[in-house]
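As a plain string of letters, each chain reads:
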Amino acid sequence: MSAPPDGGAVDGPGGDAERLRRVAVATLEANWEHDHTVPSRTLYPHQWSWDSAFMAIGWAHLRPEYAWRELESLFRAQWADGRVPHIVFNPRLPVGAYFPGPEFWASERAEAAPTTATSGLVQPPVHALAAWLAYRRAPSDPARAALRRLYPRLVAQQRYLATRRDVGGAGLACVVHPWESGLDNSPAWDAPMAAVAADEAVMRAYRRHDTAHAPAAHRPTDLDYARYVTIVASYRDGGYRDAELARRHPFLVECPLFNAAAGAAEHALAAIAPLVDADPGPHRDRAARITEALVRRLYDPATGTFHPRDLRAGRLVPARTVLGLAPLILPDLPASQVTAVVAEACSARFSVARRMSRPLPSYDRTAPDFEPLRYWRGPSWMNINWLVRRGLLGHGRADLATGLGRSMAELVATAGCHEYFHPDTGAGLGSPAFGWTAALLLDLLADERAPAPAI
């Protein structure tokens, strides 16, 4: 990585911690929007689902009441079927402020939708984990009351994923669009996306906002977007109903990160349950079933890592992406899989080490189609680093977690709170002043002082 902007060395989070904290605090505060945090003031002016969960983790270190406002504002837009939409639109913004906007999603036409305009997709369910961590960082009577209000909504979110989205019938939730995975244009989706019939000429009817804020070479292609639009239209025109998805929907994938997040959510709910006079037993049982299904369905002994399963093709996707490392966040991941996935993380593909010379990439850096500038096809992301670091800590690899934490701090020291970073140089890419980068940096810095308890 290059030197920090002020020329000083970064010896982990410690030596430069106060300066980094000031940068993170300023970014988070500037992105606060009356009851939630926008990911950025440039490209992402609305509320995003898993972004808000990560924001809440950061706010717990700064203004704990904002953490609960963040989560509760998101869950006010929860659908009647339990889904938590991946975008909640700010009605104060003009039509055309973001593409695809509320007029494209037309959520008001769906039976289960709230009165607030939202998308019809979901994102990885990291919210219960965020609520638990926010409470553990700043326990109080108001925080416990917030947990009590959120608990039934978090349970409903998990129930939706476990029932309506178990398209394969094997105990795992299925994503119906790459956007639901959070890793929008990952090479993991190339094969299932290639089967989606679409013409990039369809994009002439729309105006993309992302390429106005970042070079086109850094973003998904127009053909990618044409397929995204086609997949959404299929789901939207069916009223966002999940019945008979196997028969009619063009994109159906079981994702390792998404399901690992669902398993971690059940562990978090088991920890929350006694605080709200609920039974933790069913959550522990469901967590165990998710972990078992993940290993059975998505782990490949030949590669020693986890892969998405394309339900339409009936096979694992071969691309080796950072999605394969995400199951480390499960505390009950069997030892043999932990050993194999840690070896994958430390390989030349991802280069996690006690002292890291390069950031953790989002895709195998030895692959011939590795792209260090294009979104999720190579760049390093703070939220994925945070998840992997947490998994390493949970499985007794504090040495590797320390190396990854130092790398994370150096990214911000070098480039500021960018959306994502060059996986070789650490240069900032995407939107500047990005919310979850700031929030998770605050959590990292606090963890250096006083490590958070495990689930």
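Residues numbered from 1 in each chain as written. Predicted model: local features only at pLDDT ≥ 70, side-chain atom pairs only at ≥ 80, totals over all residues. Heavy atoms only, no water.

1. Thoughts on the side chain of D443
You can see D443 is positioned in helix α18 (residues 435-449). Within the structure, the side chain of D443 is placed 2.7 Å from the side chain of H61, a separation counted as a polar contact. What D443 contacts, discounting residues up to four positions off in sequence, is I57, H61, R137 and W386. (Helix = DSSP H or I, 4+ residues; strand = E, 2+ residues; numbered from the N terminus. Polar contact = N/O pair within 3.5 Å; in protein donor to acceptor, adjacent residues only side chain to side chain. Contact = heavy atoms within 4.5 Å.)

2. Overview of the nonpolar core
In this structure, W68 and I384 are the most contacted members of the largest nonpolar core, which totals 141 residues. Sequence-distant contacts of W68, defined by excluding residues within four places in its chain, comprise A131, A134, Y135, A143, A146, L147 and L150. Judged by nonpolar contacts, the second largest core, of 5 residues, contains V317, Y363, A367 and F370. (Core = buried A, V, L, I, M, F, W, Y, C linked by side-chain atoms within 4.5 Å. Buried < 20%, exposed > 50% of the residue type's maximum accessible area, 1.4 Å probe, protein only.)

3. What to know about unusual backbone geometry
Here the residue pair F99 and P100 is connected by a cis peptide bond, since its omega of 0° sits within 30 degrees of zero. With respect to the element layout, P100 can be found in the loop between β4 (87-88) and α5 (102-105). Notably, H34 is not glycine yet its phi reads approximately 60°, a positive angle. According to the relative accessible area criterion, H34 is partly exposed, its value standing at 35%. You will see that A106, though not glycine, has its phi angle at about 50°, which is positive. Mapped onto the fold, A106 is located in the loop between α5 and α6 (127-137).

4. Concerning helix α7 (residues 141-163)
End to end, α7 covers 33 Å across 23 residues, agreeing with the expected 33 Å (1.5 Å per residue, within 8%). Turning to α7, its buried residues number three or more, namely A143, A146, L147, L150, Y151, L154, V155, A156, Q157, Q158, Y160 and L161. Against the buried residues of α7 lie α4 (64-75), α6, α11 (222-237), α13 (256-272) and α14 (281-298). For α7, the capping residue at the N-terminal end is S140, with a side-chain oxygen 3.1 Å from the backbone nitrogen of A143. (Expected span 1.5 Å × (residues − 1).)

5. Examining the sheet that holds strand β9 (residues 315-316)
The sheet built from 3 strands is open, its strands ordered β5-β8-β9 with antiparallel pairing. Strands with a single pairing partner mark the edges of an open sheet, and in this sheet they are β5 (253-254) and β9. Pairing between β5 and strand β8 (residues 309-310): 2 bridges, direction antiparallel. In the sheet register, V253 faces β8, and the bridge partner there is D310. (Pairing = 2+ DSSP bridges.)

6. Structural notes on the state of the cysteines
Any covalent bond linking the sulfur atoms of two cysteines counts as a disulfide. Applying the stated criterion to the full structure yields 0 disulfides. Free cysteine: C255, not disulfide-bonded; nearest cysteine sulfur from C174 at 10 Å. (Disulfide = S-S within 2.5 Å.)

7. Quick notes on the packing of aromatic side chains
Per the stated rule, a full pass over the model turns up 29 aromatic pairs. Ring centres 6.4 Å apart and planes at 35° place the aromatic pair F99 and Y225 in the tilted group. You can see F99 sitting in the loop between β4 and α5 and its partner Y225 sitting in helix α11, a full 126 residues away along the chain. The exposure classification of F99 matches that of Y225, with both residues buried. Here the aromatic cluster, defined as three or more aromatic residues joined through ring pairs, consists of Y44, W48, W50, F54, Y98, Y375, W376, W381, W386, Y420, F434 and W436. Cation over ring: R236 sits above F104, and NZ or CZ is 5.1 Å from the ring centre. (Phe/Tyr/Trp six-rings, centres within 6.5 Å; stacked < 30°, edge-to-face > 60°. Lys NZ or Arg CZ within 6 Å of the ring centre and 35° of its normal.)

8. As for the packing of helix α3 (residues 49-59) against α4
Where α3 contacts α4, the axes come no closer than 7 Å and their chain directions differ by 165°. Judged on the interaxial angle alone, α4 and α3 are roughly antiparallel. Two packed elements cross with a definite hand, and for α3 against α4 that hand is left-handed. Seen from α3, the contacting residues are S49, S52, A53, M55, A56 and W59; seen from α4, they are P64, Y66, A67, E70, L71 and L74. Here the contact of α3 with α4 is built from residues that sort into 9 nonpolar, 2 polar and 1 charged. (Axes fitted to C-alpha atoms, helices over the stretch in contact; angles between N-to-C directions. Parallel < 35°, antiparallel > 145°, perpendicular 65-115°, else oblique. Left-handed = near helix turned anticlockwise from the far one by under 90°. Nonpolar A, V, L, I, M, F, W, Y, C, P; charged D, E, K, R; others polar.)

9. Topic: the environment of D35
Within the secondary structure, D35 is located in the loop between β1 (32-33) and β2 (36-37). D35 gets classed as buried once you look at its relative accessible area, which sits at 16%. A sequence separation of 34 residues divides D35 from R69, and the C-alpha atoms of the two residues are 5.7 Å apart. Each residue touching D35, except ones within four places of it in the same chain, is listed here: R69, E70, S73 and R76. A polar atom in the side chain of D35 sits 2.8 Å from the side chain of H36. A polar contact of 3.0 Å, which involves the side chain of D35, links it to the side chain of R76.

10. Topic: the environment of T116
Along the chain, T116 turns up in the loop between α5 and α6. The class of T116 is partly exposed, set by a relative accessible area of 30%. Separated by 28 residues in sequence, T116 and V88 place their C-alpha atoms 7.4 Å apart.

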